[in-house]
Amino acid sequence: MRYRSDLSEREVTPRSVWESRREFLQQSLAVTAAAGLALAPFGALAGLDAKSNPDFRPEDKLTSRDKVISYNNFYEFGTSKEDPAENAGTLKTRPWTISVEGEVNQPKTFDIDQLLKLAPLEERIYRMRCVEAWSMVIPWIGFPLSALLKQVDPKGNAKYVEFETLKDPDQMPGQRRNVLNWPYREGLRIDEAMNPLALLTVGLYGDVLPNQNGAPVRIVVPWKYGFKSAKSIVRIRLVEKMPVTSWMQAGPEEYGFYANVNPDVDHPRWSQAKERRIGDFLKRPTLPFNGYGEQVASLYAGMDLRRNF
Amino acid sequence: MLDRFKRLSERTITRLKALIFLLALWPLAKLMILGFQDDLGANPIEKILRNTGFWTLTFLTITMAITPLRQLTQRVWLGRFRRMLGLFAFFYGVLHFSTYLVLDQFFDWANILKDISKRPYITVGFSALVLMTPLAVTSTDAMLKRLGGKRWRRLHRLVYLITAAGVIHFWWLVKKDISEPLIFAALLALSLTVRAYYARQNRVNSAA
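**Some words on the side chain of serine 99 of chain A**
Residues and elements named next belong to chain A.
Here is step 1 of the chain: Mapped onto the elements of the fold, serine 99 is located in strand S2 (residues 97-102).
Here is step 2 of the chain: For serine 99, a relative accessible area of 12% gives the class buried.
Here is step 3 of the chain: Excluding residues that lie within four positions of it along the chain, serine 99 makes contacts with Lys108, Thr109, Val234, Arg235 and Ile236.

Below, the structure written as structure tokens:
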């Protein structure tokens, strides 16, 4: 039996009408998504499916999303704060792999989409203190870095973890100048990396990371100055000796390996006693370990924090 | 071509002065417009600090360039704009310091004193502003007469030191990318080189 439509051509909805309906629906969806974004910190997450973790919801007022994504230090895209938002469009975040290697029993390369499913995503609101004495409060999305490290089964002599950012001057125009020794390298001691606060981060404000914030995957180490939280990571290497980071090479007397937020140890050129929270007028006192002393101070028991700055 | 603009009429100079005056106020006007539109970015205080500092150093550099330019081009009238440009350097320097005092520190005197005594880049920057003050005060014709040309010129040579201090102040505060301070340093070196060359020429000529 052949199918025969008993509708005449003029009874069918004209193409232009259903096309405009589709457009209307798409626009409505976009508006809903935007509204979801605005509501994101209150639980209804759009973009990335993540549950808000009640353990990390401080009293601090959130820094607005437009400021979080327009005022960045990401020298791979230029040295001024506005440069990353302006220039990071050239970064391609798919395909993307992150290789975890070194002193491990099972080195692995993860595809970014595989990585997103490795552990349940959660939203955590962290304070972020820059070494330049300003700070923000940001709702990140990710999961503990330890969940990734456990996947590769670190060997007993893996004492440190080194993080390496992508190096590709075509995608990262700031790398055409040797402002830092590229690729950007950062590091943590293994117990710091395994601390539940250290977050492998893939999103902020309910959605995937904007390129200028370190897409598609970065770490966030909230008790240390911001530069420790490496962005756009392609390689994680577990090593026996303390890695030399890009900032340690750039200024060994100014930037140490630990770089814990510490109001009592000044940067050689400026004070770290206070900070300006972005959006505030008056500066506020900086807290030891950026206020996370309860969770991390024990990592440094017996250490001279003036020497190990 | 060489003789063009060799001399300017008083009227032209007055008009040019008015134009330069308005142009020199533009950086401040722009900051104010951006401020009223709430468009100074995520860290407005830092932006105002950076901007007023940048213009202080820019006006110092332009002021320093006037004499060498006059020597190179034989356009004596260039010197007529030097005082106004120097005073604008002082004007932006005062704005820069006021921004630090009020917006950045909010009269935290203890911390300000600590900054000035302990942070070399602030020590140098503050000294530059202090040294600019007597130059601004003695910038009038009456003060020039009272001091006498010789003493006045000796005093106003401080501007070399002030500009150098400004460049160092900028250099020392930059975290890593020193390209902008380098440009100011190069312009200052260029001005000084031209001046040194003509000073030598003058000595040779007067000895002959």
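**Observations regarding the interface of chain B and chain A**
Here is step 1 of the chain: At the interface, 22 residues of chain B touch 29 residues of chain A.
Here is step 2 of the chain: In total, about 2,000 Å² of surface goes out of reach between chain B and chain A, with carbon and sulfur atoms giving 49% of it.
Here is step 3 of the chain: On the chain B side of the interface with chain A, the three residues burying the most area are Ala42, Lys175 and Lys176 of chain B, jointly 35% of the side's total.
Here is step 4 of the chain: Put simply, aspartate 108 of chain B and lysine 274 of chain A hold a salt bridge, and the shortest N to O gap is 2.7 Å.

**Structural notes on the pairing of strand S6 (residues 160-165) of chain A**
Residue and element names in this part refer to chain A.
Here is step 1 of the chain: Here S6 lies mainly inside the structure; six of its six residues are buried.
Here is step 2 of the chain: Examined bridge by bridge, S6 and strand S7 (residues 185-189) share five bridges and lie antiparallel to one another. Looking at the pairing, glutamate 164 lines up with arginine 185 of S7.

**Side note on the packing of helix H1 (residues 10-36) of chain B against helix H3 (residues 82-104) of chain B**
All names here are of chain B.
Here is step 1 of the chain: Put simply, H1 and H3 touch, their axes get as near as 11 Å, and they point 15° apart. One way to sum up the angle between H1 and H3 is to call them roughly parallel. Crossing angle aside, the handedness with which H1 passes H3 is right-handed. Contacts between H1 and H3 involve Lys17, Ile20, Phe21, Ala24, Leu25, Pro27 and Leu28 from the former and Met84, Leu85, Phe88, Phe91, Tyr92 and Leu95 from the latter.
Here is step 2 of the chain: The class makeup of the residues in the contact of H1 with H3 is twelve nonpolar, no polar and one charged.

**Some words on the pattern of salt bridges**
Side-chain pairs of opposite charge can arise whenever the charged atoms involved come near each other.
Residues and elements named next belong to chain A.
Here is step 1 of the chain: Taken as a whole, this structure holds 27 salt bridges over all chains when the rule is applied.
Here is step 2 of the chain: The partner of arginine 237 in a salt bridge is glutamate 101, and the shortest N-O contact between them spans 3.6 Å. Taken together, the positions of arginine 237 in strand S11 (residues 233-239) and glutamate 101 in strand S2 put the pair 136 residues apart, joining distant regions of the chain.
Here is step 3 of the chain: Residue classification places arginine 237 among the partly exposed residues on the basis of a relative accessible area of 25%.
Here is step 4 of the chain: Residue class for glutamate 101 comes out partly exposed when judged on its relative accessible area of 23%.

**Thoughts on the packing of aromatic side chains**
Here is step 1 of the chain: Counted by the stated rule, this structure contains 28 aromatic pairs over all chains.
Here is step 2 of the chain: Ring centres of tyrosine 126 of chain A and tyrosine 292 of chain A lie 5.9 Å apart, and the angle between their planes is 75°; on these two criteria the pair is classed as edge-to-face. Taken together, the positions of tyrosine 126 of chain A in strand S4 (residues 122-129) and tyrosine 292 of chain A in the loop between strand S13 (284-285) and helix H8 (293-296) put the pair 166 residues apart, joining distant regions of the chain. With respect to class, tyrosine 126 of chain A is no different from tyrosine 292 of chain A; both count as buried.
Here is step 3 of the chain: By way of ring pairs, the aromatic residues Phe21, Phe54, Trp55, Phe59, Phe88, Phe91, Tyr92, Phe170 and Phe184 of chain B are connected into one cluster.
Here is step 4 of the chain: The side chain of lysine 231 of chain A reaches across the aromatic face of phenylalanine 74 of chain A, ending 4.8 Å from its centre.

**Examining the pairing of strand S8 (residues 199-204) of chain A**
Residues and elements named next belong to chain A.
Here is step 1 of the chain: With respect to burial, S8 is a largely interior element, six of its six residues being buried.
Here is step 2 of the chain: One ladder, built from three bridges, connects S8 with strand S10 (residues 218-220); its direction is antiparallel. Along S10, the bridge assignment pairs leucine 199 with valine 220.
Here is step 3 of the chain: Pairing of S8 with strand S9 (residues 207-208) involves two bridges; the strand directions are antiparallel. Bridge pairing links leucine 204 to aspartate 207 in S9.
Here is step 4 of the chain: Hairpin connection between S8 and S9: a loop of two residues separates the two successive antiparallel strands, and tyrosine 205 in this loop has a positive phi of roughly 50°.

**Some words on a nonpolar patch on the surface**
Here is step 1 of the chain: On the surface, Phe281 and Leu282 of chain A together with Phe106, Phe107 and Trp109 of chain B cluster together into a nonpolar patch covering about 510 Å² of accessible area.
Here is step 2 of the chain: Inspection of the secondary structure assignment puts tryptophan 109 of chain B in helix H4 (residues 109-118).

**Notes on the confidence of the model for chain A**
Here is step 1 of the chain: Mean pLDDT for chain A: 90, with 85% of residues reaching 70 or above.
Here is step 2 of the chain: In this model, residues 24-36 of chain A is a region of pLDDT below 50 whose contacts with residues beyond four sequence positions or in other chains number three contacts.

**A closer look at the environment of alanine 119 of chain A**
Residues and elements named next belong to chain A.
Here is step 1 of the chain: With respect to the element layout, alanine 119 can be found in the loop between helix H4 (112-115) and S4.
Here is step 2 of the chain: Note: C-alpha distance between alanine 119 and phenylalanine 163 (44 residues apart in sequence) is 20 Å.
Here is step 3 of the chain: Leaving out residues up to four positions away in the same chain, alanine 119 has contacts with Phe143 and Ala147.

**Remarks on helix H8 (residues 158-173) of chain B**
Here is step 1 of the chain: In this model H8 of chain B runs 23 Å from its N-terminal to its C-terminal C-alpha over 16 residues, within 8% of the 22 Å that 1.5 Å per residue would give.
Here is step 2 of the chain: Within H8 of chain B, burial applies to Val159, Ile162, Thr163, Ala165, Gly166, Val167, His169 and Phe170 of chain B.

**Structural notes on the sheet that holds S11 of chain A**
Residue and element names in this part refer to chain A.
Here is step 1 of the chain: Here we have five strands laid out as an open sheet, ordered S3-S2-S11-S6-S7, and mixed in their pairing. This sheet does not close on itself; its edge strands, each paired only once, are strand S3 (108-111) and S7. Going across the sheet, the axis of each strand differs from the next one's by a mean of 15°, ignoring polarity.
Here is step 2 of the chain: Sheet topology note: the S2/S11 ladder contains four bridges and is parallel.

The rules behind these values
Residues numbered from 1 in each chain as written. Chains lettered and ligands numbered in written order. Predicted model: local features only at pLDDT ≥ 70, side-chain atom pairs only at ≥ 80, totals over all residues. Heavy atoms only, no water. Helix = DSSP H or I, 4+ residues; strand = E, 2+ residues; numbered from the N terminus. Buried < 20%, exposed > 50% of the residue type's maximum accessible area, 1.4 Å probe, protein only. Contact = heavy atoms within 4.5 Å. Buried area = accessible area lost by both parts, 1.4 Å probe. Salt bridge = Lys/Arg side-chain N within 4 Å of Asp/Glu carboxyl O. Pairing = 2+ DSSP bridges. Axes fitted to C-alpha atoms, helices over the stretch in contact; angles between N-to-C directions. Parallel < 35°, antiparallel > 145°, perpendicular 65-115°, else oblique. Left-handed = near helix turned anticlockwise from the far one by under 90°. Nonpolar A, V, L, I, M, F, W, Y, C, P; charged D, E, K, R; others polar. Phe/Tyr/Trp six-rings, centres within 6.5 Å; stacked < 30°, edge-to-face > 60°. Lys NZ or Arg CZ within 6 Å of the ring centre and 35° of its normal. Patch = residues over 30% accessible without salt bridge, like charges linked within 9 Å, V, L, I, M, F, W, Y side chains within 5 Å. Areas by Shrake-Rupley, 256 points an atom, 1.4 Å probe, with all protein chains shown as cover. pLDDT = per-residue confidence, 0-100. Expected span 1.5 Å × (residues − 1).

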